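# Commentary on secondary and tertiary structure
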2 protein chains.
Amino acid sequence: MKRIHSTIVATIGNDGHPQVRAIDIMLIESGKPIFLTARGKAFYDQLISQKFVALSGVKEGCSISLRGKVRKAEPNLMEKIFEQNPYMQTIYPPSARSALTVFELYEGQGEYFDLNSRPIYRQSFTIGGAEKNKLQYTVTSACSGCGLCLEICPQHCIEWNGKKARIQPEHCLHCGLCFERCPQQAVVRTDESE
Amino acid sequence: MKRIHSTIVATIGNDGHPQVRAIDIMLIESGKPIFLTARGKAFYDQLISQKFVALSGVKEGCSISLRGKVRKAEPNLMEKIFEQNPYMQTIYPPSARSALTVFELYEGQGEYFDLNSRPIYRQSFTIGGAEKNKLQYTVTSACSGCGLCLEICPQHCIEWNGKKARIQPEHCLHCGLCFERCPQQAVVRTDESE
């Protein structure tokens, strides 16, 4: 997260649909992204009532996404935020800082995704002890070894281990083609993902 | 939207909380952002069932956010997408393109936000005939002309028109300080915003 400063943060709007806005990650404290917002914004109300966000940032074809629980952070982080992000000083001069509240995303599941490499590369992670996401596509023992999935995979990320096909989760696009193609229905989708 | 290719798109996950992922805007067709995804992804299922997304992209301190209705687009846009976005060809080679579906955001409300300029600058817009968002903070005729809001505004975007204070909506941070400070409660919050 240290490399990606500018992120998009999603909450749920009054109409029940998702709502997003650009939010800078001001600090990373003990692995937790720290951001702030003003009490006058709908975003503030949503943070207080929903206690959850999903955020993502992109840089040079790589993205980091993280979703999880949010709470107010130590107010004394405000000083450090303005020190380390001097551009904030002209947006919120000292007389206006009382409008701001500091928040932290303290427990959640994330994924790093590199769309530049071939095959693509992804890796999931957690912060604050959240349970790790299960993989989305795996091959069961129903695999007959026909090899159709190895052929169809656009990232060539399915390997043959002598007994059955194996999907390399760190290179899987989750496109679903192997799942659709397998004549044995041996490819299963085990959990939701991006 | 033409300048921002890489966006973050939010839907609602199975757990009822927002979910985000990086999605490139492949084309703009008649003002509508066009993107694609694979049937194997949870994102695909969410697009089909929710028919709504919120998306946002950032570039050099400027952001564009847009939220609204989504539907499948003309499948014949696929060809144009791969022509104009050649990097896609190595992610989804021709044999794998059948996994993909093209979507368009055809009606929605958006906002352009420039955090670089002082005062900050924002402008709302709509596509596909959606109703425009109302402004968030305005001053009613209860204004007594005391000038406290002009002093507190961190962006100095409240002006005095001879009769009452007026908030310049294109420069308003929505921080809420004028709303909190006004002794006459003449500042009202009229609609949700970012």
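Relevant structure appears above.
The shown structure was predicted, so the numbers you read here are calculated from the model rather than taken from an experiment. (Residues numbered from 1 in each chain as written. Chains lettered and ligands numbered in written order. Predicted model: local features only at pLDDT ≥ 70, side-chain atom pairs only at ≥ 80, totals over all residues. Heavy atoms only, no water.)

## A short note on the interface of chain A and chain B
Listed as interface residues are 60 residues of chain A and, on the opposing side, 60 residues of chain B. Summed over both partners, the interface of chain A with chain B buries about 4,700 Å², with 54% contributed by carbon and sulfur atoms. Applying the counting rule to chain A against chain B returns 6 salt bridges. The partner of Asp45(B) in a salt bridge is Arg189(A), and the shortest N-O contact between them spans 2.9 Å. Counting across the interface, chain A meets chain B through 24 residue pairs in polar contact (both at pLDDT 80 or more). For the side of chain A that touches chain B, the elements supplying multiple residues, two or more each, are strand S1 (6–12), strand S2 (18–24), helix H1 (42–50), strand S5 (52–59), strand S6 (62–72), helix H3 (88–91) and helix H5 (177–181) of chain A. Here the residues of the side of chain A that touches chain B are counted per class, giving 26 nonpolar, 22 polar and 12 charged. (Contact = heavy atoms within 4.5 Å. Buried area = accessible area lost by both parts, 1.4 Å probe. Salt bridge = Lys/Arg side-chain N within 4 Å of Asp/Glu carboxyl O. Polar contact = N/O pair within 3.5 Å; in protein donor to acceptor, adjacent residues only side chain to side chain. Helix = DSSP H or I, 4+ residues; strand = E, 2+ residues; numbered from the N terminus. Nonpolar A, V, L, I, M, F, W, Y, C, P; charged D, E, K, R; others polar.)

## Side note on the relation of the copies chain A and chain B
Here chain A sits on chain B after a turn of 180° about the axis and a move of 0.0 Å along it, with an RMSD of 0.0 Å. The relationship between the two copies is best expressed as a two-fold rotation axis. Of the interface residues in chain A, 100% have counterparts in chain B that sit at the interface too, so the contact is made through matching surfaces. (Least-squares fit on C-alpha atoms with pLDDT ≥ 70 in both.)

## Describing the pairing of S6(A)
Residues and elements named next belong to chain A. With 8 of 11 residues buried, S6 is to be regarded as a mostly interior element. Two strands pair when backbone bridges link them, and S5 and S6 are joined in this way by 8 bridges, in the antiparallel orientation. By the bridge assignment, Val53 is partnered in S6 with Gly68. In this antiparallel pair of consecutive strands, S5 and S6, the connection spans 2 residues, and Glu60 shows a positive phi of 50°. Direction of pairing for S6 relative to strand S7 (residues 100–114): antiparallel, over a ladder of 11 bridges. Counted as the bridge partner of Leu66 is Gly110 from S7. (Buried < 20%, exposed > 50% of the residue type's maximum accessible area, 1.4 Å probe, protein only. Pairing = 2+ DSSP bridges.)

## Quick notes on the side chain of Arg122(B)
Residue and element names in this part refer to chain B. By the element assignment, Arg122 lies in strand S8 (residues 121–127). Of the polar contacts made by the side chain of Arg122, one reaches the side chain of Glu111; its length is 2.9 Å. Separated by 3.4 Å, the side chains of Arg122 and His174 make a polar contact.

## Concerning helix H1 (residues 42–50) of chain B
If you check which residues of H1(B) are buried, you get Ala42(B), Phe43(B), Tyr44(B), Gln46(B) and Leu47(B). Lys51(B), located one to two residues past H1(B), shows a positive phi value of around 55°.

## A few points about the packing of aromatic side chains
Inspection of the entire model under this criterion finds 10 aromatic pairs over all chains. Residues Phe35(A) and Phe43(A) carry aromatic rings whose centres are separated by 6.1 Å and whose planes lie at 25° to one another, so their mutual orientation is stacked. Look at Tyr44(B) and Phe103(B): their rings are 6.0 Å apart centre to centre, the planes differ by 70°, and that puts the pair in the edge-to-face class. Of this pair, Tyr44(B) sits in helix H1 while Phe103(B) sits in strand S7 (residues 100–114), and the two are 59 residues apart along the sequence. Cluster of aromatic residues (ring-pair linked, three or more members): Phe35(A), Phe43(A), Tyr44(A) and Phe103(A). (Phe/Tyr/Trp six-rings, centres within 6.5 Å; stacked < 30°, edge-to-face > 60°.)

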